Amino acid sequence: MIGRISGILLEKTPPQLLVDCNGVGYEIDVPMSTYYNLPHTGERVVLFTHQAIREDAHLLFGFGTASERALFRQLIKITGVGARTALGILSGMSVNDLAQAVTLQEPGRLVKIPGIGKKTAERLLLELKGKLGADIGVVGGGAPRDDTQADVMNALLALGYSDKEALVATKNLPEGASVSDGIKFALKALSKA
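Note that the structure is predicted; figures quoted are calculated from it, not measured.

What counts as what
Residues numbered from 1 in each chain as written. Predicted model: local features only at pLDDT ≥ 70, side-chain atom pairs only at ≥ 80, totals over all residues. Heavy atoms only, no water. Phe/Tyr/Trp six-rings, centres within 6.5 Å; stacked < 30°, edge-to-face > 60°. Buried < 20%, exposed > 50% of the residue type's maximum accessible area, 1.4 Å probe, protein only. Helix = DSSP H or I, 4+ residues; strand = E, 2+ residues; numbered from the N terminus. Core = buried A, V, L, I, M, F, W, Y, C linked by side-chain atoms within 4.5 Å. Contact = heavy atoms within 4.5 Å. Pairing = 2+ DSSP bridges.

Asker: Give a detailed account of the packing of aromatic side chains, specifying residues and quantitative values.
Answerer: If you walk through the whole model with that rule in mind, you get three aromatic pairs. Both rings, one in tyrosine 35 and one in tyrosine 36, keep their centres 6.2 Å apart while their planes meet at 75°; by these two values the pair is edge-to-face. Here tyrosine 35 falls in the buried class, since its relative accessible area comes to 14%. Under the relative-accessibility criterion, tyrosine 36 is labelled exposed at 63%. Look at phenylalanine 61 and phenylalanine 72: their rings are 5.2 Å apart centre to centre, the planes differ by 40°, and that puts the pair in the tilted class. Placement of the pair is phenylalanine 61 in strand E5 (residues 58–63) and phenylalanine 72 in helix H2 (residues 66–76), with a sequence separation of eleven residues. What makes phenylalanine 61 buried here is its relative accessible area of 1%.

Okay, here's the thing in structure tokens:
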């Protein structure tokens, strides 16, 4: 199994790369999250990889971080989710965003990804529940402390704020605040930012 590739980046044609490792060129499919963080062609690149061997092909998938690769491996274990769908999910959401969606059980965030319907989103949330938080999870206390914080976050998301903005705005909610007071507090915090 090929677990890591280190070499010179020869070509970048989304979503595929060509990496030269001592004279051998490896074609590697990557999610867009990894693609956007690649160096220029001709420079050295290091990728965590997952090798898939099928009857008709040997495929190599590359990731910028070990957590992306771990999430990819977790996704392809789910019935009905293949490698292409898993790459699409990683291209549409960061690892932390997906972990937060799983923690909050929000299928609406997943259906925004091309190729993910409501049923697939619900299956992903069900299958990943309890598996995503421990080893990949939301870093730095990103998960809501309680139901009030989750309700305030959902309200901010419904108002059109991004996941990151909602998370930052709800980070310092006063203890024991009601949902309506929490929304007011979060909106004030967002207006100052």
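Asker: For the environment of proline 174, give the residues involved together with the corresponding values.
Answerer: Here proline 174 is to be found in the loop between helix H9 (163–170) and helix H10 (179–192). Residues proline 174 and threonine 148, 26 residues apart in the sequence, show an inter-C-alpha distance of 11 Å.

Asker: A description of the nonpolar core should follow, citing residues and the corresponding values.
Answerer: The nonpolar side chains of a soluble globular protein tend to be buried, and buried together. Within the largest apolar cluster, 25 residues are counted, with the highest numbers of intra-cluster contacts made by Leu75, Leu98, Leu110 and Leu124. Those elements that place two or more of their residues in this core are E5, H2, helix H3 (83–92), helix H4 (95–104) and helix H6 (118–128). In terms of residues, this core owes the most to one element, H4, which gives five residues. The residues contacting leucine 110, other than those within four sequence positions of it, are Met93, Leu98, Ile116, Ala121, Leu124 and Leu125. One finds Leu9, Ile28, Leu38 and Leu47 within the second-largest nonpolar core, a separate group that totals 13 residues.

Asker: Break down the pairing of strand E4 (residues 44–53) for me, citing the residues and quoting the values.
Answerer: As judged from the five bridges shared by strand E1 (residues 4–13) and E4, these two strands associate in the antiparallel manner. Within the sheet, the bridge partner assigned to glycine 7 lies in E4 and is valine 45. Bridge count between E4 and E5: six bridges; the pairing is antiparallel. The partner of phenylalanine 48 across the bridge, within E5, is phenylalanine 63. A loop of four residues connects E4 with E5, the two strands running antiparallel in sequence.

Function-wise, these values are silent; they only describe arrangement.
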